[in-house]
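# Observations on the model geometry
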Amino acid sequence: MKRIFSGVQPSGNPTIGNYLGAFKQFVELQHDADSAIYCVVDLHAITVPQDPAKLRKRSREIAQIYLACGVDPSKASIFIQSHVKEHAELGWLLQCMTYMGEANRMTQYKDKSEGKANVNVGLFTYPVLMAADILLYDATHVPVGDDQKQHIELTRDIAERFNNRFGETFVIPEPQIQEFGARIMALDEPTKKMSKSAENEGSRIALLEDPAVFKKKIMRAVTDTENEIRFDEENKPGVSNLLTLYSLYADESVESLVNRYQGQGYGTLKKDLVEVMTDKMGAIQKRFRELDDQTELDRILKQGADQAREIAEKTVNRVKDAMGFVRI
Ligand code: AMP
Ligand code: TRP
């Protein structure tokens, strides 16, 4: 049985990196899996300070984006993490199965905590909550971008340790990371990942951004002085990132693009890329606006939470029985 699980945090504005690394895969995978569950991980978002009104708005917005990108609620469950209490419960049980040394090695924690004066304990234990998210549903495949690979490895280690100590309880999940597009780079600094929380707005393109705004960002995207269109991530990270975007949005191989644009300047490549992106993003943005019906969205989220809870309750009972908790 192939069961997909993944989650996106309702913090910041989702970028085209989130789309190409995550949402786009979610849609493709819902068709070839036996079941798919997509979560809005609000409990993860509060590991950094959140404004309550914005958190509420963004949580619904992520669900609306899942739908706008093409996730079909008759094929996949969509729900909000905090609506299924078992996430927090299993999160605690698994914290007691995770070593400090393991959690300490997580590079995302190091990146997110570096230079910050007040880092909360939740940011440190966050990968364990992510492990709970995945293991609750016996997920076999977890589609994510490259930056989440280490967290999935930790999830596997925790699950294997648990199974060895208490008997077969968890399914060991596989990360599902695309070979291409798992790491969309920042436009201003193409050696860094495009992030929804980076300081410079020009570094990223929001999924719901106006074409007039993202056009400027693409036209200003950092390239190099060579003026030769070639895919070479090490020596030409900017041009390679643009070619990656183009290839993914136009469904055309990089090889074919490189051939087609031989002898042309970066300006032409950028201009054409904007056109392709405007088309694809425009369709998602249109669906997003059409779905702006809170009653219907809440109905889908409630249905998704009910479906998720049914699985999650069973898993937590199995875990508690294995660990020796009294059940009456
Ligand atoms: P986050 O923005 O950290 O909540 O990430 C949500 C999902 O999008 C995760 O699966 C990430 O791995 C993926 N993702 C985030 N940024 C990028 C990026 N620049 N390129 C590809 N995937 C990304
Ligand atoms: N940690 C992931 C991120 O920041 C989000 C996430 C939380 C997730 N729980 C998950 C992704 C479970 C996949 C599966 O992007």
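This text follows the structure it describes.
An account of the accompanying structure is given in this report. (Residues numbered from 1 in each chain as written. Chains lettered and ligands numbered in written order. Predicted model: local features only at pLDDT ≥ 70, side-chain atom pairs only at ≥ 80, totals over all residues. Heavy atoms only, no water.)

Turning to the packing of aromatic side chains, a few remarks are in order. Counted by the stated rule, this structure contains 13 aromatic pairs. Relative to Y137, the ring of F79 lies with its centre 6.0 Å away and its plane at 65°, an arrangement referred to as edge-to-face. Of this pair, F79 sits in strand 3 (residues 76–80) while Y137 sits in the loop between helix 7 (121–136) and strand 4 (141–143); the two residues are 58 residues apart in sequence, bridging distant segments of the chain. Taken together, F23, F26, Y38 and Y66 form an aromatic cluster joined through their ring pairs. (Phe/Tyr/Trp six-rings, centres within 6.5 Å; stacked < 30°, edge-to-face > 60°. Helix = DSSP H or I, 4+ residues; strand = E, 2+ residues; numbered from the N terminus.)

Residues in close proximity to ligand 1 total 17 residues, the closest being N18, G145, D147, I184 and M194. Within the side chain of D147, one N or O atom sits 2.4 Å away from an oxygen atom of ligand 1. In isolation ligand 1 exposes 480 Å². Once the protein is present, 94% of that is buried. At four residues, helix 1 (residues 16–32) tops the list of elements feeding residues into the shell around ligand 1. Split by residue class, the shell around ligand 1 holds six nonpolar, seven polar and four charged. (Near = heavy atom within 4 Å. Polar contact = N/O pair within 3.5 Å; in protein donor to acceptor, adjacent residues only side chain to side chain. Areas by Shrake-Rupley, 256 points an atom, 1.4 Å probe, with all protein chains shown as cover. Nonpolar A, V, L, I, M, F, W, Y, C, P; charged D, E, K, R; others polar.)

Of the pockets and cavities examined, the second largest pocket occupies roughly 240 Å³. Surrounding the second largest pocket, 13 residues form its lining, R183, M185, F231, E233 and T244 being those nearest its centre. Class assignment of the residues belonging to the lining of the second largest pocket gives a composition of six nonpolar, four polar and three charged. (1 Å grid on protein atoms, 1.4 Å probe; cavity = no way out; pocket = protein on both sides within 12 Å on 5 of 7 lines; lining within 4 Å. Points joined across faces, edges and corners; volume = space filled by probe spheres on them.)

Enumeration according to the criterion identifies one cavity of 30 Å³ or more in this entry. Q108, Y109, K112, L123, Y126, P127 and H151 are the residues that line the largest cavity. Those elements that place two or more of their residues in the lining of the largest cavity are helix 6 (107–113) and helix 7. Split by residue class, the lining of the largest cavity holds four nonpolar, two polar and one charged.

With that settled, the discussion passes to the packing of helix 7 against helix 8 (residues 149–166). Close contact between helix 7 and helix 8 brings their axes to 9 Å; oriented N to C, the two are set at 70°. Here helix 7 is positioned roughly perpendicular relative to helix 8, judged by the angle of their axes. Of the two elements, helix 7 crosses helix 8, and the hand of that crossing is right-handed. Mapping the contact onto sequence places Y126, P127, V128, M130, A131, I134 and L135 in helix 7 and H151, I152, L154, T155, I158 and A159 in helix 8. (Axes fitted to C-alpha atoms, helices over the stretch in contact; angles between N-to-C directions. Parallel < 35°, antiparallel > 145°, perpendicular 65-115°, else oblique. Left-handed = near helix turned anticlockwise from the far one by under 90°. Contact = heavy atoms within 4.5 Å.)

Below, the discussion takes up the site of ligand 2. Surveying the vicinity of ligand 2 reveals 13 residues, the closest of which are Q9, Y126, M130, D133 and Q148. At a separation of 3.0 Å, an oxygen atom of ligand 2 approaches a polar side-chain atom of Q9. Between a nitrogen atom of ligand 2 and a side-chain N or O atom of Q148, the distance comes to 3.0 Å. Burial of ligand 2 by the surrounding chains reaches 91%, relative to a free accessible area of 370 Å². Of all the elements in the fold, those that place two or more residues in the shell around ligand 2 are strand 1 (3–8) and helix 7. In terms of residues, the shell around ligand 2 owes the most to one element, helix 7, which gives four residues. Taken together, the residues that form the shell around ligand 2 break down as seven nonpolar, five polar and one charged.

Looking now at helix 4 (residues 86–95). An α-helix turns once every 3.6 residues. As a result, residues three or four positions apart point the same way. Of all the positions in helix 4, only E86, H87, L90, G91, L93 and L94 are classed as buried. Across the axial projection of helix 4, the buried residues extend over an arc of 165°, all falling on one side. Where the residues of helix 4 are buried, they touch strand 1, helix 2 (42–45), strand 3, helix 7, helix 8 and helix 13 (294–323). (Buried < 20%, exposed > 50% of the residue type's maximum accessible area, 1.4 Å probe, protein only. Arc of directions from axis to C-beta.)

Taking 1.5 Å per residue, 16 residues should reach 22 Å; helix 7 reaches 22 Å between its end C-alpha atoms and fits that length. Within helix 7, the axis deviates most sharply at P127, by approximately 40°. The buried fraction of helix 7 is high, at 14 of 16 residues. Its side-chain oxygen placed 2.8 Å from the backbone nitrogen of G122, N120 serves as the N-cap of helix 7. Directly beyond the C-terminal end of helix 7, a positive phi value near 50° is found at D138. (Expected span 1.5 Å × (residues − 1). Bend = angle between axes of the 7 residues up to and from the residue.)

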